[in-house]
Amino acid sequence: MSGTTGPTGPTRRPEHLGTAPEPGAPAWRTLDNRSLAASSVLSLAIAVPVTLAVLRFANGQHWPMSWVVAACAAALVLVIVAVLTYDLLRLRTTTWRLTAERLELRSGIAVRQHRSIPRDRVRSVDLKADPVRRVLGLSVVKVGTGEHNAGGDSTLTLDPLSRTEAEHLRGVLLHSGHQAAEGTAAEQGPLSSFDWSWTRFAPLTVWSFIGAALVVGIVSKPLGWLGVDLWDNAVREAAWNWLTADPWLRVPLILLANVLLGVVGAAVVFAVQWGNYRLEQEPGRLKLSRGLLTTRSLTMEERRLRGVELSEPLLARLGGAARLKVVATGLKRKAEENETAEDLSALTPPLPRADAVRLADRLTGGPLPRLHPHPPAARAKRVRMSLVEVAVVVAALAAADWLWLPSWVWAALIAYVPFTLWHARADYRALGNALAPRHLVTRMGVSNLRTVALERKGIIGWEIKQSYFQRRLGLITVRATTAAGAGHYDVVDVGQDDGLELAGEAVPGLLEPFVVR
Amino acid sequence: MTTLRPPRNQVDPRAVAWWTTERLILSVIVVGVAFAAYWFFTDRPWWLTLLVAALAVFCFVMSFVGPRMLYRFQRWEVTEEAVYTRKGWFEQTWRVAPMSRIQTVDTKRGPLQRVFGLADVKVTTASASGAIAIEALDADLAADLAARLTAITQATPGDAT
């Protein structure tokens, strides 16, 4: 194997990656050997806990000090050597090459694999570097076709290449379709880039209130295995005594500390995830890079884009923030493979609403139109439903337990009535729809107000629903189905005439033959 | 008021017999289990007797009424441009898929359907929101329809997304 690959390491230049036709196929190339350094550092993440566990075990055995030290050292060395051996074998057995037509990868220590992707099918190239790999100048490259047909995995992973090599590979793979593209992107500047003032939106989630308590709960588990019990009786008793000594001061104090920690934590997580954020438009695709420690950079072809979604969760909305997501094909099932959907469809961190709207306008090619409100009958329906809901709960409680139900339950129910009425009205106010030259726009939701602009060309069918109650109120729910994003986007409780009109206009010729006026 | 017209075709009349048989079988199982539990595990108070009897009557009445309702409201149509279906009474659902976006066409026959000579045609698009089903067609008609749909969709250009 080594005979075919030639020297490796940082001195290797990526020139011969290019498309220039060479006599015969280009040589097979190896991954970057500095991966060994990265994996030895990363192996500490396994080695240290293992050593601690060994230490704890050895302490219980009444061994002499030197034995304990020896056992710990042996465990440490063993883990690191095992990881390094595996990585060395992996590096030795993995080769790749870029020919004029295909990107090919040979890999596998025991089971050999030979996989290849046609270059004209490459739709995304993602670069990722955790802090260790970053310091060493390495990047993990994932090349995807954006197709999810039978045959499963459609991504090739090169783990790792040197950063220059990775950047070059991305350029070559994605630019082959757009030769004249190189210079123009830089001139335009990014569509959007990181602003430290956005950090103020980071704590506007529920996690700020429950995050700190949750983290303590999660961390106490592994600490328990290592023999540190946060919740032993003495600690618990001391905490309880401290708390009950002056509950009116100390309970709020604890809650305040919890929120404070949550807020700081949220801000830190936000900065780590989204620091250095940049969204750039290059001809035919979008490039998103982000991450303060682990840097990620995702490139997506614009022809997979079917629209955008402006998402305003309740707390963020109160703070004037919004975030933008893409509605794109091929993302959802990719998310099921290994990463979270959030990660892939998110186009921006929470940012000022006006900025998000401006960005949405640019991506959809024109200002989004004013939304039409839905008929008042939709509000009446919601108010009625919420009252029925309360009535059912009351009836059920009364029937089940009417003799000795404490009175505060009834008080709570009475307090619930204004909330549910508010919710019904807010839910109604959220509704809206409009038709833009290229997009169908719909809005709904209270806890997460979502405005979706779905490209009309991306609508691949209609599903129109009308329940008995809707029929009586002259309302209808129009669902546009699409290959992208959530699979369907709904215009809920629109007036029957308007809804059918909207669907008819959005995709000319599809619904019209079936509509009677 | 603007409305959607009903699709032209009804499902095969044998569908009523099929659905009735299916629901009767289900009813016998449900009522049987309920009756067994009533007989062996309770003291058989009078109100429970009434309840079980009411359940039995309800199940058997619905086995006859339900399929006839379904038959009235379930309709379908295939034009040169699109597949169009309607179903449901309490919640009516109309579905339209254009030929150019159809990805696969399947037919499906359950064991009981085979007894009545029926088949379903299922049309999928690239959307994750599910396939359009035309239920309970005559088996030969379903096969013809599937063949026709396949031919039309293959002749239509585009990648259906």
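Procedures and definitions
- Residues numbered from 1 in each chain as written.
- Chains lettered and ligands numbered in written order.
- Predicted model: local features only at pLDDT ≥ 70, side-chain atom pairs only at ≥ 80, totals over all residues.
- Heavy atoms only, no water.
- UniProt positions renumbered as here; feature names shortened; annotations may be inferred.
- Helix = DSSP H or I, 4+ residues; strand = E, 2+ residues; numbered from the N terminus.
- Contact = heavy atoms within 4.5 Å.
- Buried area = accessible area lost by both parts, 1.4 Å probe.
- Salt bridge = Lys/Arg side-chain N within 4 Å of Asp/Glu carboxyl O.
- Polar contact = N/O pair within 3.5 Å; in protein donor to acceptor, adjacent residues only side chain to side chain.
- Buried < 20%, exposed > 50% of the residue type's maximum accessible area, 1.4 Å probe, protein only.
- Pairing = 2+ DSSP bridges.
- Expected span 1.5 Å × (residues − 1).

For chain B, the name recorded in an unreviewed UniProt entry is YdbS-like PH domain-containing protein, with Nonomuraea soli as its organism.

In the annotation of an unreviewed UniProt entry, chain A is listed under the name Putative membrane protein and assigned to Nonomuraea soli.

Chemist: Before we go on, may I ask you to explain the UniProt feature "transmembrane region" (unreviewed entry) in chain B in this structure?
Modeler: All names here are of chain B. With numbering aligned to this structure, UniProt lists the feature "transmembrane region" (unreviewed entry) at residues 24-41 and 47-65. Secondary structure over residues 24-41 splits into 100% helix and 0% strand, and the C-alpha atoms at its two ends are 25 Å apart. Counted over residues 47-65, helix gives 100% and strand 0%. Its end C-alpha atoms are 26 Å apart.

Chemist: Which parts of the structure should I look at to understand the interface of chain B and chain A?
Modeler: The interface of chain B with chain A comprises 27 residues on the first partner and 30 residues on the second. Across the chain B/chain A interface, buried area totals approximately 2700 Å², and carbon plus sulfur atoms make up 58% of it. Viewed at the interface, chain A and chain B are joined by 2 salt bridges. Among the ionic pairs, Lys465 of chain A bridges to Glu91 of chain B, the shortest N-O distance being 3.7 Å. Taken together, chain B and chain A are joined by 15 residue pairs in polar contact (both at pLDDT 80 or more).

Chemist: Is there a simple way to explain unusual backbone geometry in this structure?
Modeler: Note: most peptide bonds trans; most residues except glycine with negative phi. For the bond running from Asp159 of chain A to Pro160 of chain A, omega is -10°, close enough to zero to count as cis. Among the structural elements, Pro160 of chain A can be located in strand S7 (residues 155-162). Of note, the phi angle at Asn276 of chain A is positive, near 65°, even though the residue is not glycine. In this structure, Asn276 of chain A sits in the loop between helix H10 (247-274) and strand S9 (278-282). What makes Asn276 of chain A partly exposed here is its relative accessible area of 45%. Backbone geometry at Ala136 of chain B places phi at a positive 55°, although glycine is not the residue there.

Chemist: Would you explain the pairing of strand S3 (residues 102-107) of chain A in this entry?
Modeler: Residues and elements named next belong to chain A. Bridge analysis of strand S2 (residues 95-98) against S3 gives 4 bridges, and the strand direction is antiparallel. Counterpart to Trp96 in the pairing with S3 is Leu105. As consecutive antiparallel partners, S2 and S3 are separated by 3 residues. The turn joining S3 and strand S4 (residues 113-118), which pair antiparallel and follow one another in sequence, is formed by 5 residues; a positive phi near 110° is taken by Gly108.

Chemist: Please explain H10 of chain A as it appears in this structure.
Modeler: Quick reminder: α-helices carry 3.6 residues per turn. Residues three or four places apart thus point the same way. Residue and element names in this part refer to chain A. Taking 1.5 Å as the rise per residue, H10 with 28 residues should run 40 Å; its terminal C-alpha atoms sit 40 Å apart, in good agreement. Turning to H10, its buried residues number three or more, namely Asn258, Gly262, Ala266, Phe270, Ala271 and Trp274. Downstream of H10 by one or two residues, Asn276 has phi in the positive range, about 65°.

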